[in-house]
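Residue-level structure breakdown
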Amino acid sequence: RHPKPSYTAMQSLARRCFSASPYRSGFPLRHVTKISDLAAEEVRQIVKRAVNIKDHPRAYFGLFQGRTLLMLFEKPSLRTRLSFEAGMTRLGGHAIYYDLMGQNMGEKESVYDTAKVVSHYADWVMARVNSREIISELAEHCSVPVINGLDDWAHPCQILADVQTMAEEKDFELHVPFNFKLAFVGDVHNNVTYDLMRVGAMLGMDVRVSGPV
């Protein structure tokens, strides 16, 4: 898969989260812990914006100037790090990569303490972690937006990139229901499958999964 949809979807998602962060007076704090934390219309608008960023990247350079994204990794991923870091750089911001070196978050320092510290230094937090509980606790205690880069129950950034790819490859209009069938063959008990089914219900897709039980 071409890498551009991944980082442009991330850029668009971060822009939406930032517009609803405490740094913009009058807007409530927003987190994205699963795809259904967004409304169907928000998914469409994020993907539409991502396509525009992909087609007109120079128009968005400098949008995040002076802003910092902290990336917390319990589980390493080349594509996740590159897409988020490249996206922040191309929007004029800065990304900090923090590898937990095989340790689970909450072992050396409580998730509560981690959330309070990172909220002082970062404008957003992206966390790629092993369990749903960690994402939920970060979102509960962070005073800046938390974006789920992956947990054992959801993978919203991957799904946004998938929706962008489907819209571009199938040439679907984003303002109408995605009236087509999507087949997923593989592990049916994982984060991608769960969020694909969620976004299918949101956007009008007929999602069918098949795999060992």
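Preceding this section is the structure that the text describes.
I will try to describe carefully the structure that is included in this document. Predicted model only: the values in this text are computed from it and were never measured.

The rules behind each value
Residues numbered from 1 in each chain as written. Predicted model: local features only at pLDDT ≥ 70, side-chain atom pairs only at ≥ 80, totals over all residues. Heavy atoms only, no water. Helix = DSSP H or I, 4+ residues; strand = E, 2+ residues; numbered from the N terminus. Contact = heavy atoms within 4.5 Å. Pairing = 2+ DSSP bridges. Axes fitted to C-alpha atoms, helices over the stretch in contact; angles between N-to-C directions. Expected span 1.5 Å × (residues − 1). Buried < 20%, exposed > 50% of the residue type's maximum accessible area, 1.4 Å probe, protein only. Arc of directions from axis to C-beta. 1 Å grid on protein atoms, 1.4 Å probe; cavity = no way out; pocket = protein on both sides within 12 Å on 5 of 7 lines; lining within 4 Å. Points joined across faces, edges and corners; volume = space filled by probe spheres on them. Nonpolar A, V, L, I, M, F, W, Y, C, P; charged D, E, K, R; others polar. Parallel < 35°, antiparallel > 145°, perpendicular 65-115°, else oblique. Salt bridge = Lys/Arg side-chain N within 4 Å of Asp/Glu carboxyl O. Phe/Tyr/Trp six-rings, centres within 6.5 Å; stacked < 30°, edge-to-face > 60°.

Turning to the environment of Tyr 97, a few remarks are in order. Take Tyr 97: it is sitting in strand β2 (residues 94-99). Residues Tyr 97 and Leu 69, 28 residues apart in the sequence, show an inter-C-alpha distance of 8.7 Å. Look past the residues within four positions of Tyr 97 in its chain and what remains in contact with it is Met 71, Phe 73, Arg 81 and Glu 85.

With that settled, the discussion passes to the sheet that holds strand β4 (residues 146-150). Strand order in the open sheet made by the 4 strands is β2-β1-β3-β4, with parallel pairing throughout. Of all the strands in the sheet, just β2 and β4 have a single pairing partner and so form its edges. Across the sheet, the axes of successive neighbouring strands diverge by a mean angle of 20°, strand direction being ignored. Here strand β1 (residues 68-73) pairs with strand β3 (residues 124-128) via 5 bridges, running parallel. Residue pairing in the sheet places Leu 69 in a bridge with Trp 124 of β3. In this fold helix α5 (residues 132-141) packs onto β1, β3 and β4, with an angle of close to 165° to the strand it touches most, β4.

Because an α-helix completes one turn every 3.6 residues, residues spaced three or four positions apart along the sequence face the same direction. Helix length check: helix α3 (residues 78-90), at 13 residues, gives a terminal C-alpha distance of 18 Å against a target of 18 Å (1.5 Å per residue), a fit within 8%. The complete set of buried residues in α3 reads Thr 80, Ser 83, Phe 84, Gly 87 and Met 88. Burial along α3 is one-sided: seen end-on, the buried residues are contained in an arc of 120°. In α3, those exposed residues whose orientation departs by more than 90 degrees from the buried face are Leu 78, Arg 79 and Leu 82. Note on α3: the residue one or two positions beyond its end, Gly 92, has a positive phi of about 90°.

With that settled, the discussion passes to the layout of surface pockets. Taken as a whole, the second largest pocket holds about 350 Å³ of empty space. If you go around the second largest pocket, you meet 16 residues; those closest to its centre are Tyr 98, Leu 100, Lys 108, Glu 109 and Thr 114. For the lining of the second largest pocket, the secondary structure elements donating two or more residues are β1, β2 and α4 (111-121). For the lining of the second largest pocket, the leading source of residues is α4, giving 3 residues. Classifying every residue of the lining of the second largest pocket by side-chain character gives 8 nonpolar, 4 polar and 4 charged.

Before going further, it helps to examine the packing of helix α2 (residues 40-55) against helix α7 (residues 191-203). In contact at an axis separation of 9 Å, α2 and α7 are set at 100° when each is read in the N-to-C sense. Comparing their axes, α7 and α2 come out roughly perpendicular. Only Val 199, Met 202 and Leu 203 of α7 make contact with α2, whose side of the interface consists of Ala 40, Val 43 and Arg 44. Here the contact of α2 with α7 is built from residues that sort into 5 nonpolar, no polar and 1 charged.

Below, the discussion takes up the pattern of salt bridges. Any two side chains of opposite charge can pair, on the condition that their charged atoms come close. Evaluation of the coordinates by the stated rule reveals 8 salt bridges. Notably, a salt bridge pairs Asp 37 with Lys 34, separated by 2.8 Å at the nearest N-O pair. Taking the relative accessible area as the measure of exposure, Asp 37 reaches 25% and is therefore partly exposed. Here Arg 67 ties to Asp 123 by a salt bridge, and the two come within 3.4 Å at their closest N and O atoms. Taken together, the positions of Arg 67 in the loop between α2 and β1 and Asp 123 in the loop between α4 and β3 put the pair 56 residues apart, joining distant regions of the chain. Overall, Arg 67 belongs to the partly exposed group, its relative accessible area being 24%.

Our next topic: the packing of aromatic side chains. Following the criterion strictly, the structure yields 2 aromatic pairs and no others. Each ring, one from Phe 64 and one from Trp 124, has its centre 4.7 Å from the other, and the planes form 50°; the classification is tilted. Residue Phe 64 is found in the loop between α2 and β1, and its partner Trp 124 is found in strand β3; the two are separated by 60 residues along the sequence. Since its relative accessible area comes to 1%, Phe 64 is described here as buried. Their ring planes at 50° and their centres at 5.0 Å tell us that Phe 73 and Tyr 97 sit as a pair that is tilted. On the criterion of sequence distance, the pair formed by Phe 73 in strand β1 and Tyr 97 in strand β2 is long-range, its members being 24 residues apart.

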